[in-house]
Amino acid sequence: MFKKAFKVFICLAILLLPLLFSKMARAGDEIKEYEPNCTYEEYEKTYLDFYGSSTQEMAEEGNPADLMLDDGEELFKTVAGTRGKSCASCHGENGEKLKGVAARYPKYDPAIKGINTIAYQINRCRVEKMGAKPLKYESYDQLALTLYVKSLSNGMPINVSIDGPARPFYEKGKKFYYTRMGQWNFSCALCHVKYACKRVRTNLMSPNRHHADHWPSYRLKWGKAGSLQRRFRGCMKNMRAKPLPYQSEEYRNLELYLTYQANGLPLEVPGMRM
Amino acid sequence: MPRKRGLSGGVFFVTILMVVSLIGGFSYASSKVEEGRKIATTRKLGNCVSCHFLPNIESPGNAGPNLVESMKNYTEADRDIVRQWIEDPRQFNPDTLMPPFGANKILTKEQIDAVVEYLYSLKGVK
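Now for a look at the structure at hand. (Residues numbered from 1 in each chain as written. Chains lettered and ligands numbered in written order. Predicted model: local features only at pLDDT ≥ 70, side-chain atom pairs only at ≥ 80, totals over all residues. Heavy atoms only, no water.)

**Focus on the sheet that holds strand S6 (residues 224–226) of chain A**
All names here are of chain A.
And then number 1: Read from one edge of the open sheet, 3 strands run S6-S5-S7, paired in mixed fashion. Sheet topology places S6 and strand S7 (271–273) at the edges, where each strand pairs with a single neighbour. With strand direction ignored, the average angle separating the axes of adjacent strands in the sheet is 35 degrees.
And then number 2: In this sheet, S7 lies alongside strand S5 (residues 217–219) in parallel orientation, the contact comprising 3 bridges. Looking across to S7, one finds that serine 217 is bridged to glycine 271. (Pairing = 2+ DSSP bridges. Helix = DSSP H or I, 4+ residues; strand = E, 2+ residues; numbered from the N terminus. Axes fitted to C-alpha atoms, helices over the stretch in contact; angles between N-to-C directions.)

**Observations concerning the packing of aromatic side chains**
All names here are of chain A.
And then number 1: In this structure the tally under the stated criterion is 17 aromatic pairs over all chains.
And then number 2: Between the aromatic rings of tryptophan 184 and phenylalanine 186, the centroid separation amounts to 6.1 Å while the plane-to-plane angle is 10 degrees, which identifies the pairing as stacked.
And then number 3: Among the residues examined, tryptophan 184 registers a relative accessible area of 10% and is labelled buried.
And then number 4: Chaining the aromatic ring pairs together yields one cluster made of Tyr34, Tyr170, Tyr177, Tyr178, Tyr257 and Tyr260.
And then number 5: Taking NZ or CZ as reference, arginine 230 lies 4.1 Å from the ring centre of tryptophan 222, over its face.
And then number 6: Positioned above the aromatic ring of tyrosine 246 is the side chain of arginine 233, whose terminal nitrogen or guanidinium carbon lies 5.1 Å from the ring centre. (Phe/Tyr/Trp six-rings, centres within 6.5 Å; stacked < 30°, edge-to-face > 60°. Buried < 20%, exposed > 50% of the residue type's maximum accessible area, 1.4 Å probe, protein only. Lys NZ or Arg CZ within 6 Å of the ring centre and 35° of its normal.)

**Some words on unusual backbone geometry**
Residues and elements named next belong to chain A.
And then number 1: Residue proline 106 follows tyrosine 105 across a cis peptide bond; omega there is -5 degrees.
And then number 2: With respect to the secondary-structure elements, proline 106 resides in the loop between helix H5 (87–91) and strand S1 (107–109).
And then number 3: At the junction of valine 269 and proline 270, the peptide bond is cis and its omega measures out at -10 degrees in the coordinates.
And then number 4: You can see proline 270 is positioned in the loop between helix H11 (249–261) and S7.
And then number 5: Of note in the backbone geometry, cysteine 197 takes a positive phi value of approximately 75 degrees without being a glycine.
And then number 6: Relative to the elements of secondary structure, cysteine 197 occurs in the loop between helix H9 (188–194) and strand S3 (199–200).
And then number 7: Judged by relative accessible area, which is 14%, cysteine 197 ranks as buried.

Printed below as a string of structure tokens:
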């Protein structure tokens, strides 16, 4: 009797063992987020102490990328492709139907079963709705259109959703953010959460709260405007990791993760950075 | 007499040998220190100064501790620990920002030896 019970117990244990392991594996997949090393307000103070106010003053003199907004508006109204349409044909002469839309991007799109960004959607409209060629990412026209469309939501609070079908993509973005890469073995989260407000030589690392509220931005180092994903590529090169292509699935997920960190802040494009 | 001369000749020879090897040892050590200093302060090599304070460096980073201060806490018996920090600091702190210089082959074993030698030379500083 006792022997039999023991046998049953062993069999059950063997049967249940894989379940236990799979549960452990899943627990291991969960990423423990770091406590940010500083608030954004503390970062701004540290920034002023270390670099002084010269970048602030420069920004007050005007943002060179403001000029791109006019070009973006013009492109928005320009017919392109085989179907005789412009963006304005569908979205209103002054883009009125797009007001507030960019504040909810990136977002899950069932048509692509993944995350859609403004830059990505612009090319999808061109190809699928206008019969036009996609614009090369980071080209002047791509950036100008993205800037114009996002500027229609300027001042509105960022409000991206990570609920429902967006959730797994948000988790993937987060995982990417916490993954160590490249010869230096850094992760995004190490520099921008755990060690934020510390300096690597003269580079002061910012906490990520305001990382996604101002792109495309004019960057002094580039001497022109660029996208958030160009910044991703730059940081990955600094990590001695191989940068990924623009609008790759990974970068769209990452953009969702980072934009969610900026939820509640007003969208303000174009930004300006060192 | 011949015996004594032989002896003093021997002593002389041994003394010369000792002096030569001492000088050699010192200059070997000091050239190691210099090599280590170069590695620690050169961007393309160890670039330790990007995160750590080291003497005579303009605007070192502050992500890691001041290594002159850190070295005060390490004795000669701790050489292996210091070496391990550079080899792979994740064994002390899995979430460290410091790169695993040995494990990721950023520096060779010889280069790490030189850096350890340099760090120990800092024990005299301030």
